[in-house]
Amino acid sequence: MNNIFSNLVSITKGLHRDHRSEREYQILLPDIKLDSIATNGIFKLNFKRPLSSKKQYYQKLIFNQTETEILSFVTDFPQNATIYENKYTYTVLSNKFDKYLNDIAKYVGDRAITDDLGNDDNYIIHYLKVSAIRLYVELQEQYGQYSEHDLFTIPEIAEKYFNDSEFDVAMIEKMNTPKIEVFKKPLKPSSKTKSSFGYLNQDPDWLLKILKRLQLSIDLLDTKTDVEDLHNLFIAKDIIDYKKEIYLDCKTTEFKYIIKKLQNSFKNLNPTFIESTGLFFTKSGKPLTAQNLYTKSKEPLKKEIIDNIFKQMQ
């Protein structure tokens, strides 16, 4: 197959037209070698091991093309290219991956692909889906500064193309030590639509009191960040030029829960917009991402304390 992402879900060459036996796949497997992992890759897949020859056969084909496409970024975006050339290249690749994802989504719907990964076809199409999402997010992570449009988190990509609001983000894991220098464009808010968190409460002191009580009760912020810094950021009319960074001292699960409790008082208090500011940092000093806040997690240990604070301030 020349293009595994297109052919596997096509009407004329799709997976549903492959009726070879398990024995035939066993014979084919030794001729397909796994390529090396792309040296410029930033993410890796954590997917269920293929347990049939058919699954192994297609898993290898999909893996090899995925790594080849990611490796080709190096030549697609040469160091001597102009900004306009890189923007054009980004648009071409983004459109290509967008088509992969739309075609796979249509195939999943048309062929009634389910989550039963024990079935060969279900497994193969789901591995194809996750690999396509990885291609899209690799492009964003490495060259998103050339995008003319909003960037998306992994959960947002899954929901946008597959209406999957419960996508397991652990299947696409960011590696600890990227092998290349990555030029990442922060998800900056649009000056036309989202230049602030959109505080809705008429009483700014209500929010300040909440934040101060949280600071006293659960150590919300690190000592290098004042409660007033976070309060001013939340109620600012325009945060485009806001420079004060916010360092958390509480656990990310606790901050995630606090954001959930506050959301009804804001227009734009959501994980994507929080990341877009580039101003929030976790307890360990790493940038706080939308994925941190979207990832499923257990209830915070200090949930009861947080609930009581909000209840008292009603």
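The written sequence of each chain sets the order in which its residues are numbered from 1. Whole-chain, interface and lining totals are the exception, using all residues; otherwise, since this is a predicted model, local features are given only for residues with pLDDT of at least 70 and side-chain atom pairs are given and counted only at 80 or more. Calculation of side-chain values draws on the structure's entire complement of heavy atoms; hydrogens and water are dropped beforehand.

(A) Broad picture of unusual backbone geometry. A positive phi is found at Asn163, a non-glycine position, where the angle reads about 55°. Under the DSSP-based scheme used, a helix requires at least four consecutive residues in state H or I and a strand at least two consecutive residues in state E, with every element numbered from the N terminus. Within the fold, Asn163 resides in the loop between helix 7 (154-162) and strand 2 (172-174). The phi torsion at Asp219 lies on the positive side, around 55°, for a residue other than glycine. Summarising the element assignment, Asp219 is placed in the loop between helix 8 (204-218) and helix 9 (227-235).

(B) Focus on the nonpolar core. Buried Ala, Val, Leu, Ile, Met, Phe, Trp, Tyr and Cys residues form a nonpolar core when they are joined through side-chain atoms within 4.5 Å. Each residue is assigned to one of three classes by its accessible area relative to the maximum for its type, calculated with a 1.4 Å probe on protein chains only: buried under 20%, partly exposed between the two thresholds, exposed over 50%. Residues Phe5, Ile133 and Phe167 are the most contacted members of the largest nonpolar core, which totals 52 residues. At the level of secondary structure, the elements contributing two or more residues to this core comprise helix 1 (4-7), helix 3 (53-71), helix 5 (83-110), helix 6 (120-143) and helix 7. At 13 residues, the largest contribution of residues to this core is made by helix 6. The contacts of Phe167, once residues within four sequence positions are left out, are Lys129, Val130, Ile133, Ile154, Ala158 and Ile172. Here a residue-residue contact requires only that any non-hydrogen atoms of the pair lie within 4.5 Å.

(C) Layout of the packing of aromatic side chains. Centre distance within 6.5 Å is the pairing criterion for rings of Phe, Tyr and Trp, where only the six-membered ring of Trp is used; planes under 30 degrees apart are then read as stacked, over 60 as edge-to-face, and the remainder as tilted. Taken as a whole and assessed by the stated rule, the structure comprises 20 aromatic pairs. Note on Tyr136 and Tyr161: the rings are 6.0 Å apart at their centroids and 65° apart in plane angle, and the pair reads as edge-to-face. Note that Tyr136 is positioned in helix 6 and Tyr161 in helix 7, a separation of 25 residues in sequence. Among the residues examined, Tyr136 registers a relative accessible area of 8% and is labelled buried. In textbook terms, an aromatic cluster arises when at least three aromatic residues are bridged by ring pairs, as seen for Phe5, Phe73, Phe77, Phe97, Tyr100, Tyr143 and Tyr146. When the ring centre of Phe162 is taken as reference, the NZ or CZ atom of Lys129 above it lies at 4.7 Å. Only lysine NZ and arginine CZ atoms are considered, and such an atom sits over a ring when it is within 6 Å of the ring centre and within 35 degrees of the ring normal.

(D) Fine view of the pattern of salt bridges. Salt bridge criterion: a side-chain nitrogen from Lys or Arg within 4 Å of a carboxyl oxygen from Asp or Glu. Counted under the stated rule, the structure contains 17 salt bridges. The salt bridge involving Asp121 is made with Lys54; its shortest N-O contact spans 2.9 Å. You can see Asp121 sitting in helix 6 and its partner Lys54 sitting in helix 3, a full 67 residues away along the chain. A relative accessible area of 24% means that Asp121 is categorised as partly exposed. Taking relative accessible area as the criterion, Lys54 reaches 10% and is therefore assigned buried. Here Lys224 makes a salt bridge to Asp222, at a shortest N to O gap of 3.4 Å. One network of salt bridges, with partners in common, ties together Glu67, Arg134 and Glu138.

(E) Main features of helix 9. Buried within helix 9 are the following residues: Val227, Asp229, Leu230, His231, Leu233 and Phe234. Residues of helix 9 that are buried sit in contact with helix 8, strand 3 (246-247), helix 10 (252-262) and strand 4 (280-281).

(F) Looking closely at the side chain of Asp18. Relative to the assigned elements, Asp18 resides in the loop between helix 1 and helix 2 (22-28). The exposure class of Asp18 is buried, given its relative accessible area of 11%. A 3.5 Å cut-off defines polar contacts: any pair of N or O atoms within that distance qualifies, except that in protein one atom must be a possible hydrogen donor and the other a possible acceptor, and neighbouring residues in sequence count only when both atoms are side-chain atoms. Within the local environment of Asp18, its side chain forms a polar contact with the side chain of Arg20, the two groups lying 2.7 Å apart. A polar atom in the side chain of Asp18 sits 2.6 Å from the side chain of Tyr25. For Asp18, the contacting residues outside a window of four places in its chain are Tyr25, Lys54 and Tyr58.

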